[in-house]
Amino acid sequence: MADVEVTLSLPGELVTAVGEASGGEITAYVVKALRSALLMDAMREVADAGHPPPPPDDVLHAAETDLR
């Protein structure tokens, strides 16, 4: 996938902190942070959905049969 240039306005102290934490690799740091945020959001969605209902008995029987 091609990179797309994006312009962001950030508080100066955040830019300073990110610059220091990233060793100057701000783009890579931001990409990693955004990917982590997306993963956390997806995990939160799954957790909020609750446990799925148990499979029907015929599916369980088929699985047990396959394991033998």
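Residues numbered from 1 in each chain as written. Predicted model: local features only at pLDDT ≥ 70, side-chain atom pairs only at ≥ 80, totals over all residues. Heavy atoms only, no water.

(A) Fine view of the overall build of the chain. Each helix and strand counted, the chain has 3 helices and 0 strands in total. Counting only C-alpha atoms and orienting by the principal axes, one finds that the chain spans roughly 60 × 25 × 20 Å. Buried residues in the chain amount to 4% of all 68 residues. (Helix = DSSP H or I, 4+ residues; strand = E, 2+ residues; numbered from the N terminus. Buried < 20%, exposed > 50% of the residue type's maximum accessible area, 1.4 Å probe, protein only.)

(B) Geometry of the confidence of the model for the chain. Looking at the chain, pLDDT values average 90 and 99% of them are 70 or higher. Looking at the elements of the chain, mean pLDDT is at its lowest for helix H3 (residues 57-67), recorded as 79, and at its highest for helix H1 (residues 12-21), recorded as 96. (pLDDT = per-residue confidence, 0-100.)

(C) How the structure looks around the pattern of salt bridges. According to the stated counting rule, one finds 1 salt bridge in the structure shown. Its salt-bridge partner being Asp 41, residue Arg 44 comes within 3.1 Å of it at the nearest N-O pair. Placement of the pair is Arg 44 and Asp 41 together in helix H2 (residues 26-49), with a separation of 3 residues, close to one helical turn. (Salt bridge = Lys/Arg side-chain N within 4 Å of Asp/Glu carboxyl O.)

(D) Quick peek at a nonpolar patch on the surface. There is a patch of nonpolar side chains on the surface, built from Val 4, Val 6, Leu 8, Leu 10, Leu 14, Val 15 and Ile 26 and spanning about 640 Å² of accessible area. As for its placement among the helices and strands, Leu 8 is situated in the segment before H1. According to the relative accessible area criterion, Leu 8 is exposed, its value standing at 57%. (Patch = residues over 30% accessible without salt bridge, like charges linked within 9 Å, V, L, I, M, F, W, Y side chains within 5 Å. Areas by Shrake-Rupley, 256 points an atom, 1.4 Å probe, with all protein chains shown as cover.)

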